[in-house]
Amino acid sequence: MLSVTPNTAGVVTLPKGLVGAGFAPVADESRAINGTVGDITAVDPRMTARNVNVYYGDKLAINDVSLDIGKNEVIAMIGPSGCGKSTFLRCLNRMNDTIDICRVEGEIKLDEQNIYDSSLDVVPLRAQVGMVFQKPNPFPKSIYDNVAYGPRIHGLTSSKSELDDIVEESLLKAGLWDEVKDRLAETGTGLSGGQQQRLCIARTIAVAPEVILMDEPCSALDPIATARVEELIDELREQFTIAIVTHSMQQAARVSQRTAYFHLGQLVEVGKTDDIFTNPRHGLTEDYITGRFG
Amino acid sequence: MSKSEQQQARTIDRVNTTLAQRYGRERRFRRFGFFAVVLGLAFVGVMFLSIIGKGYSAFQQTRILLDIEFTESVIDPSGERDPAVLSSANYSALIKNSLRALYPEVKDRKEKRELYGIVSNGAALILRAKVMADPTLLGSQAQLWLPADDDIDMLVKGYIDRTVVQSERRVKDNVIAWIEKLESEQKIGKFFNTTFLTGGDSREPELAGIGGAVMGSLYTLIVTLLLSFPIGVAAAVYLEEFAPRNRWTDLVEVNINNLAAVPSIVFGLLGLAVFINFFGLPRSAPLVGGMVLTLMTLPTIIIASRAALKAVPPSIREAALGVGASKMQTVFHHVLPLSMPGMLTGTIIGMAQALGETAPLLMIGMVAFIVDIPGSAMDPATVLPVQIFLWADSPERAFLEKTSAAIMVLLGFLIVMNVLAVILRKRFERRW
Ligand SMILES: Nc1ncnc2c1ncn2[C@@H]1O[C@H](COP(=O)(O)OP(=O)(O)OP(=O)(O)O)[C@@H](O)[C@H]1O
Ligand SMILES: [Mg+2]
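These numbers come from a predicted model, not from an experiment.

A. Looking closely at the nonpolar core. One finds Leu171, Met214 and Ile233 of chain A to be the most contacted residues of the largest nonpolar core, which totals 44 residues. When near neighbours in sequence (up to four residues on either side) are disregarded, methionine 214 of chain A contacts Leu89, Val132, Ile201, Ile233, Ile242, Ala243, Ile244 and Val245 of chain A. If you look at the next biggest cluster of nonpolar residues, it comprises 40 residues, including Ile68, Ile95, Leu115 and Val131 of chain B.

Below, the structure is given as structure tokens:
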């Protein structure tokens, strides 16, 4: 099952075609990847991924990852750049369908329904599993229309005032309301980078998805806006399931209950956030969180 | 001095030594670009000057002031005012009477014929139209400015040299004497030429107008636009957004690119074989012309539209799909509006090509001599470039200025289209 095998000298041999940032294998048996360390299951799973492989063309980007995402929990995904965090996250709402060369193997279930089933409709799936992207991507339309777009196409509101309420509430939650309430008709692309990202967060939560995937939502935000988004994540956890990719260990520690550490397309370790940060069991995880790597 | 400071000094020195060279290159390139622009503008300027210089006089028409007596016995001897009689009456007799009264000294038969020739054949038609519109004119007398013959027109406009020997001149001495008499009495003058703008083609240069060709071009372009824009955009959207990437779509893509390079006359042959011979559509009709030009402009529009679609950042598509928009909604709500300016540019380029196209239209009979102004896309018609081609081929001196003037009208058409394109682009353009 595992394609990374330690040889006698303890040097990791990388499987052919595995993509990722160049790194020097550490000659240490504790750094060999022998399946995922820790408990991949959640108490009350919302989404379950089993033996997922993702290929870009014939490059393997995600190698045999199994992971549960539990109800009312925030799971943080950390790992060095290029290790496949975004790729895995995008599998969860089939965003990878848009990439021609991308191929997903394995099984991912949302509430017992295999989302890669050929009969499954991606439109309701994406209404249920929303996503905030790594790069802010507001529509070149007004701020109001950006937020109102999802509720409009799904027919979530029956009147203009209801829609207004959703827009206001979503912008409030995303911590953007005060800055834009007087210029809702201005174009969303005219906002600053951080404001754009919060607009995208508002756009996602306006649809009220049950699972929210966030790909480094705070990478363009200042500490105040970051704190606001983290607060939001905490609030949303009560109703929703959240998977967040982040490069900030502090953020992972602050907002998540479980943490998954990815390395070169493999899931190295997963467990309670407290345990991962205080007592990592795998050598690579330890290297990463102590700053010896990445 | 530490090692790194030394290093830094060296970098600065190196930068300085190459700096002059770099700026020199930049200056040369800028000068070259400026020169290219000036050269281009100069060519355009020379072209415009020569065309306008030759063509402007076509917008003027020489007319002669004649005393016309609407003699009832000539036009309507029975006095019943029957429209059929009125319309077929001999109106040129009125003009001949008037001319004879003006030059009583002309007695000789041959000379009389020359005298009658100084007024255009179209003058009789003008009189007829007047009488048909208002039969009470009969029996009255009026002073009317009637168009002169094209040779007289050329003479008055100064294109015929009055000093060369008679045998090398289109207008004979006696005629010049008559015209000079008219000039001295101020009974001949130049007026704005409405006939040229509103009339159809004619064998008589002074009666020939560009109106028929303008209408023909207009109908042809409307048909082309109505067919090629929706088909082109739909094809581009399908190929770019929906079609699977496989051997078949690759083949289609290669073929579309090849079609763009096919000589346009081939499309004319195709139109002749398919639309006219097989489907039995009328010859010389703007409908068929528009269909043929659609074939020709489609590749241009499809290629430009696909490029415009490709230029829409994928992140916009992901954003829409991410909130649960369907493929169709993503394309129609976000991608298409963003690519519209590019698509419109492509369409305008295609339409400009279509406007200037001659060869394929020759194949489907739009080169015929057509006097009537087309009233619909099914009527026989010709188009501006074909009209230019026809006039350029005519031997009469007066058609030379018509040709240039027709080119001016064609260029005016193009300018209007481009302005329209700019306005449309501005309307659709969005910042992101
Ligand atoms: N569209 C694509 N086509 C081909 N390869 C891709 C594509 N997207 C990602 N990859 C490859 O897949 C691997 C994982 O990429 P991914 O974007 O998931 O990394 P990441 O963990 O999100 O990194 P980062 O933290 O820098 O965002 C990388 O090696 C990358 O080169
Ligand atoms: Mg990423």
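B. Just the coordination of the magnesium ion (ligand 2), in detail. Residues and elements named next belong to chain A. Taken together, the protein ligands of the magnesium ion (ligand 2) are Ser86 (OG) and Gln134 (OE1), with distances of 1.9 to 2.4 Å. Of the two residues, serine 86 sits in helix α1 (residues 85-91) while glutamine 134 sits in the loop between β8 (129-132) and α3 (143-154), which places them 48 residues apart along the sequence. The class for glutamine 134 is partly exposed, based on a relative accessible area of 35%.

C. Broad picture of the site of ligand 1. All names here are of chain A. The environment of ligand 1 is made up of 17 residues, and the closest members are Ser81, Lys85, Ser86, Thr87 and His247. Contact between ligand 1 and cysteine 83: an oxygen atom at 3.3 Å from a main-chain N or O atom of the residue. Contact between ligand 1 and serine 86: an oxygen atom at 2.5 Å from a side-chain N or O atom of the residue. Within the complex, 71% of the 630 Å² of free accessible area of ligand 1 lies under protein. Take the shell around ligand 1: its biggest share by element is three residues, from α1. Split into classes, the residues belonging to the shell around ligand 1 amount to six nonpolar, eight polar and three charged.

D. Molecular detail of the pattern of salt bridges. Using the criterion set out here, one finds 33 salt bridges over all chains in the structure. Two residues, arginine 254 of chain A and glutamate 230 of chain A, come together in a salt bridge whose shortest N-O distance is 2.7 Å. One end of the pair, arginine 254 of chain A, is in helix α8 (residues 249-255); the other, glutamate 230 of chain A, is in helix α7 (residues 223-237), and 24 residues separate them in sequence. Of the charged contacts, one joins glutamate 114 of chain B and lysine 110 of chain B as a salt bridge, the two residues approaching to 4.0 Å between their closest N and O atoms. One end of the pair is glutamate 114 of chain B and the other is lysine 110 of chain B, both in helix α5 (residues 109-116) and four residues apart, which spans about a single turn.

E. Seen up close, the domain arrangement of chain B. Residue and element names in this part refer to chain B. The domain boundaries assigned to chain B delineate domain 1 (63-191) and domain 2 (211-428). If you average the C-alpha positions of domain 1 and of domain 2, the two centres end up 46 Å apart. The partner domain 2 presents four residues to the five residues of domain 1 that form the contact. Interface of domain 1 and domain 2: buried area, both sides summed, is about 430 Å²; carbon and sulfur atoms make up 58% of it. In terms of surface lost to domain 2, no three residues of domain 1 exceed Asp150, Met154 and Tyr159, which account for 78% of the buried area on that side. At the boundary of domain 1 with domain 2, the tally comes to one salt bridge. Put simply, lysine 157 and glutamate 401 hold a salt bridge, and the shortest N to O gap is 3.0 Å. For the interface between domain 1 and domain 2, the tally reads one residue pair in polar contact (both at pLDDT 80 or more).

Criteria and cut-off values
Residues numbered from 1 in each chain as written. Chains lettered and ligands numbered in written order. Predicted model: local features only at pLDDT ≥ 70, side-chain atom pairs only at ≥ 80, totals over all residues. Heavy atoms only, no water. Core = buried A, V, L, I, M, F, W, Y, C linked by side-chain atoms within 4.5 Å. Buried < 20%, exposed > 50% of the residue type's maximum accessible area, 1.4 Å probe, protein only. Contact = heavy atoms within 4.5 Å. Donors = N, O, S within 2.8 Å, 3.2 Å for Na, K, Ca; no water. Helix = DSSP H or I, 4+ residues; strand = E, 2+ residues; numbered from the N terminus. Near = heavy atom within 4 Å. Polar contact = N/O pair within 3.5 Å; in protein donor to acceptor, adjacent residues only side chain to side chain. Areas by Shrake-Rupley, 256 points an atom, 1.4 Å probe, with all protein chains shown as cover. Nonpolar A, V, L, I, M, F, W, Y, C, P; charged D, E, K, R; others polar. Salt bridge = Lys/Arg side-chain N within 4 Å of Asp/Glu carboxyl O. Domains from an automatic or database assignment. Buried area = accessible area lost by both parts, 1.4 Å probe.

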